[in-house]
There are 2 protein chains.
Amino acid sequence: MSEHKILLDESELPTHWYNVIPDLPTPMAPYMGPDKQPVTPESMQAIFPPAIIEQEMSDQRWIEIPEPVREALYLWRPSPLYRAKRLEKMLDTPARIYFKYEGVSPAGSHKPNSAVAQAYYNKQAGIHRMTTETGAGQWGSSLALAGQMFGLDVRVYMVDVSYRQKPFRRSMMETWGAEVIPSPSRNTEAGRNALDKDPENPGSLGLAISEAVEEAAGRKDTNYGLGSVLNHVLLHQTVIGQEAKKQFEKVGDSPDVILAPCGGGSNVGGIMFPFLADKAAGKDIRMVAVEPTSCPTLTRGHYAYDYGDSVGLTPIMKMYTLGHDFMPPGIHAGGLRYHGDSVLVSQLYHEGILEAVAVPQVATFEAGVMFARAQGIIPAPESAHAVRAAIDEALQAKEEGKEKTILFTLSGHGHFDMAAYDRYFAGELEDFDYPEDALGKALRTLPDIE
Amino acid sequence: MSEHKILLDESELPTHWYNVIPDLPTPMAPYMGPDKQPVTPESMQAIFPPAIIEQEMSDQRWIEIPEPVREALYLWRPSPLYRAKRLEKMLDTPARIYFKYEGVSPAGSHKPNSAVAQAYYNKQAGIHRMTTETGAGQWGSSLALAGQMFGLDVRVYMVDVSYRQKPFRRSMMETWGAEVIPSPSRNTEAGRNALDKDPENPGSLGLAISEAVEEAAGRKDTNYGLGSVLNHVLLHQTVIGQEAKKQFEKVGDSPDVILAPCGGGSNVGGIMFPFLADKAAGKDIRMVAVEPTSCPTLTRGHYAYDYGDSVGLTPIMKMYTLGHDFMPPGIHAGGLRYHGDSVLVSQLYHEGILEAVAVPQVATFEAGVMFARAQGIIPAPESAHAVRAAIDEALQAKEEGKEKTILFTLSGHGHFDMAAYDRYFAGELEDFDYPEDALGKALRTLPDIE
C-alpha cells in the first residue's frame, strides 16, 4: 500500500457529480434579474447551453458525468492524494498532512475539471465558439485546452496587464489553438468605451468579463464560460472531494480539517461539498475556506445581494461581498482577487457549516517556499494560501501535542508564477490589510434587494 | 483496468537499477586519462564519491537502490505510462502509441531520477556541497531539488545567456535553495580567463562544466554532479524502462519500437537498456535514439576517442562525436546540443543494437503542437524530438496498414520553454543541416588514441 501517494485507477473516477443544492439546510437564495425578480432559465439562454442552465438550478443530488467528459478527464484524473511526509518531518508535527494535487492537469490547476464539461455541453448544443476572460491565465488556459479537445473555437479576453506580464500563459493558450485578445479591446462596446475614456487602460477582470459576455450574448454561434462562482462550476469540481474520500478509505484515515483556497469558491466546493454528508451525519470535520487578507470576502464582507461582475451585467446573487466596486490590490494570487463569492459557499458559511480564515501575502509565499523545499512541488500563489493554513494547523497540533489529519487542495503549480517568487525573495512583496472602517465604502453601491 | 493511464503503486518502484555493462556484447571501451592510459578510480576521487565511482565501473548487473533514494523517488515515481488514444485518433493510425511521462517530477523532467541518487551518495560520503552546470536549466533544477532533499548546498553555473533568457528556471533553482551563478564567472580560473579575453562572453555549456569541475576539484568539501553521458547517470535512469515493462505487462501489450530523445544518452539508456534482454532473447524490438539534425552525433559523427567537454578537462571516452570543438547552432532543444554521446549508447549503436534518426527543428515543434492539441501536455523541445519520431512511425504504420506498438519517453514538459513555441508560431525557427563535408572539421582535434 502506498504511503506517499495514494492513487486511484481510472475505473474509480466518479461517475456522477455531487450537487449540494438539495442538501442545503435552507433553500438556496435565488438569483435575481435587473427587474429584482428571480431570473428564469430562458434569460440565461443567450450565453449558456440548456444542460448547463439545468445544472445551475438542479435539485437532483447526483448528476451523471457524460462518457465523453469522463474520457477527457482521464487525461489527468483521478488526481493523486499525497501524504506530505517530508513537510510533517520539517514541521516536527504529530499531524498527518495530506494534499490533493490538482496541478497534474495539462493546464496546471483544477480549472480544466469544469472546462471540459462546459465545452462538451456547448458542443452538444450546436455551439461552435466560446468566449471567456482570464486574469492570471489559469481559467483561460483551461478553456483553451477543453475547446481544443471538443472542437470548439475559443476566444479569451485576457486582462491587458496580464497579457503583457504573463506572455507564457498566452503562448500556452495559443498552443492549444485559442485566440487571445488583450482586454480592453475594440471588439466590444464595453471595451471601446473603456479605451475611449483611457487609451492606456490596463484592463481588469470585471471589464474582461463584460467583453466576453457581451460578445457571447450578441452571437448565436457563441456562448460564454465562467471558471468559478456559479453552481455548475462547483458541481463539476466535486470530482476532487469524491476522489479524496475514496483515497482516504484506501489508507484507513479521514480528515479532521479540510482547507482550500477561496476566490470564487470552486476549490472550496470541489473538495468540501462531498464531505458535507459525513459532517451532517455527526462526524467532526472542520472545513475552512482560506482567503487573502487583501480581499477578505468571507471574513470581513457583508452577506447581501450583489452583482457578480463590476459593471452589473450578471444576475444579482446573495453572497458575501466587499461590493462590486471593490478593487483589491494587485497581489500575485490573481485567482483570489474577487469581490464576491459563490452563493452556495456563502450560504454554508453564513449557516456556520463552513469556516473561513484570511492570510497575508508574505506568509503565503513563505509557506509556498517551505512546501517546495519539503515536497518538491512549487505551489501557485493561490494554492499557497491553503498551504499556509495547513502549516498553521499542523503547528497548532504540535503545540497542543495532538494528532490530527489535515487535508488541503494544492490547486495548482507555480510554473507560470516564478516572477512572484522572485519578488518574494527580493523582499518586494507587501501585505495588505484594512482598517475597521475602510471596507464599507464599496457596499454603498449594493443593489437594493432584501 | 486503465486504458489511458497505466499506473503503478509505489510498492512497484524498482528495487534495483539495471547495469548494462555486464551484458554488452563486447567489453566496454575504457575511459582514458591525459596519459592515454585507462583512468583509475583514484583519479576520479577529487570530484565523485566512492559509491558513484564504483557504479561507473561496476560489472554487477543489478545494483540495489538505497531506501533513502527510493523515499525521494516516491515524490513522483513510479511515473505514469499513457496510452495516447487521442493522438492515435488524430493520426488515424492502426498503431498503438504509448508514452512514459517523466514530466511529473517537480523539476519537470527525468533528470531528478539521477540527481537524488547523486545527492544521496555525496551526502553519505560526508560531502556538504555540490557544483554543477546547467544550460537549458533542467539538470540544474534537478540537482537543486535533490540537494535540498538531502541537505547539500548546491551551486549551479548557469550559461550566462540562459541565465538572462530563462530567469524562471533560475527562480526555480533558488526556490529550492540553490545558488545560481552566471557563467563565465570570476569564481574560477576558467571563468576569469574567458572574461579577460571577452568581458561580454555569453558562456557555453563546455565552459560552465569547466567552472563547476574546477571548483569541485579544488575544494575538499565539494563534489561535482553530471546530468547525462556517464554510466552511473544512465544506470539511475533505468527505473524508467523497468517501470514501463511492468506497465506493459499489466495491459498485456509490449513495444515493437522504443523511441527517446538523445543528447548525452540518459533518456535512451533509461528507457531502452531494460528492454535489451528481451531483444537478446529474440524479441523483435527496434530501439531508436532521436537526435536533432543540427547536432547529428550518432547519425553523422565519428566513432572515436574524444574529450567529454570542450576544454579537455574530462577523461577521454570512446564515443560517437562531432569533435569536442564542434559548436552546434542555438536550437531550442538545449539538452540535445552535445558534441558526443554516452560511451554505452555509442557502443550499442556501433554494434547495431540501437538505431538512430535525426529530425529537423521545425518538424519537432510541429509534432509538439500536434501532441499538445491531442493529449494536452505541452512537450519540452527535447522531448518533442521523440514525439516527432513516434508520429512518423505511426504514420508509416498507417501507410502500411500494419498494427504496431510504439513506446516513447516524454522526458519533460515545456512550461519553461513557451518562448520557443512563440517563435515557432511566429515562423521564426530555422532548420539546420550540414553539407557532406561540413562536419569533419572539429574532428581534426580528436586526441590520438586508437
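Rules behind the numbers
- Residues numbered from 1 in each chain as written.
- Chains lettered and ligands numbered in written order.
- Predicted model: local features only at pLDDT ≥ 70, side-chain atom pairs only at ≥ 80, totals over all residues.
- Heavy atoms only, no water.
- Pairing = 2+ DSSP bridges.
- Helix = DSSP H or I, 4+ residues; strand = E, 2+ residues; numbered from the N terminus.
- Axes fitted to C-alpha atoms, helices over the stretch in contact; angles between N-to-C directions.
- Contact = heavy atoms within 4.5 Å.
- Domains from an automatic or database assignment.
- Buried area = accessible area lost by both parts, 1.4 Å probe.
- Salt bridge = Lys/Arg side-chain N within 4 Å of Asp/Glu carboxyl O.
- Polar contact = N/O pair within 3.5 Å; in protein donor to acceptor, adjacent residues only side chain to side chain.
- Nonpolar A, V, L, I, M, F, W, Y, C, P; charged D, E, K, R; others polar.
- Parallel < 35°, antiparallel > 145°, perpendicular 65-115°, else oblique.
- Left-handed = near helix turned anticlockwise from the far one by under 90°.
- Least-squares fit on C-alpha atoms with pLDDT ≥ 70 in both.

Draft legend 1. Inspection of the sheet that holds strand E8 (residues 179-183) of chain A at higher detail. Residue and element names in this part refer to chain A. The 4 strands lie next to each other as E8-E7-E6-E9, forming an open sheet whose pairing is parallel. With one partner strand each, in any of the chains shown, E8 and strand E9 (222-224) form the two edges of the open sheet. The average undirected angle you get between the axes of adjacent strands in this sheet is 25°. Here 3 bridges tie strand E6 (residues 129-134) to E9, and the two strands are oriented parallel to one another. When the sheet's bridge partners are listed, Met130 is paired in E9 with Asn223. Against the sheet, helix H7 (residues 167-175) engages E6, strand E7 (153-159) and E8, with an angle of about 175° to E7. Contacting E6, E7, E8 and E9, helix H9 (residues 205-218) crosses the sheet at an angle of about 170° to E6.

Draft legend 2. Just the domain arrangement of chain A, in detail. Residue and element names in this part refer to chain A. Domain boundaries in chain A define domain 1 (32-55 + 110-228) and domain 2 (67-108 + 232-443). Each of domain 1 and domain 2 has a C-alpha centre, and the two are 24 Å apart. Listed per partner, the contact involves 36 residues of domain 1 and 37 residues of domain 2. Of the roughly 3,000 Å² buried at the junction of domain 1 and domain 2 (both faces included), carbon and sulfur atoms supply 66%. Counting the surface domain 1 buries against domain 2, the share from its top three residues, Met32, His110 and Asn113, is 24%. Across the salt bridge formed by Asp417 and Lys166, the nearest N and O atoms sit 3.1 Å from each other. For the pair domain 1 and domain 2, the interface holds 15 residue pairs in polar contact (both at pLDDT 80 or more). Looking at the side of domain 1 that touches domain 2, the elements with two or more residues in it are helix H1 (50-56), helix H4 (112-124), helix H5 (138-150), H7 and H9. With 8 residues, H4 is the largest single contributor of residues to the side of domain 1 that touches domain 2. Across the side of domain 1 that touches domain 2, the residue classes tally to 20 nonpolar, 13 polar and 3 charged.

Draft legend 3. Highlighting the packing of helix H4 (residues 112-124) of chain B against helix H5 (residues 138-150) of chain B. All names here are of chain B. Packing of H4 against H5 brings their axes to within 8 Å, and their N-to-C directions diverge by 40°. Judged by the angle between their axes, H4 and H5 are oblique. Considering how the two elements wind past one another, H4 and H5 form a crossing that is right-handed. Note on element contacts: H5 touches H4 through Trp139, Ser142, Leu143, Leu145, Ala146, Gly147, Met149 and Phe150, opposite Pro112, Ala115, Val116, Gln118, Ala119, Tyr120 and Lys123. By residue class, the composition of the contact of H4 with H5 is 11 nonpolar, 3 polar and 1 charged.

Draft legend 4. Up close: the sheet that holds strand E1 (residues 5-6) of chain B. Strand order in the open sheet made by the 7 strands is E1-E4-E5-E15-E10-E11-E14 (chain B), with mixed pairing throughout. Strands at the two margins of the open sheet, each flanked by one partner only, are E1 and strand E14 (355-359) of chain B.

Draft legend 5. Broad picture of the relation of the copies chain B and chain A. Taken as rigid bodies, chain B and chain A are interconverted by a rotation of 180° and an axial shift of 0.0 Å, the fit giving an RMSD of 0.0 Å. In symmetry terms, the pair is related by a two-fold rotation axis. When C-alpha distances to the rotation axis are compared across chain B, the minimum falls at His415 of chain B, with a value of 3.3 Å. A share of 100% of the interface residues of chain B reappears at the interface of chain A, consistent with the copies meeting face to face through the same patch.

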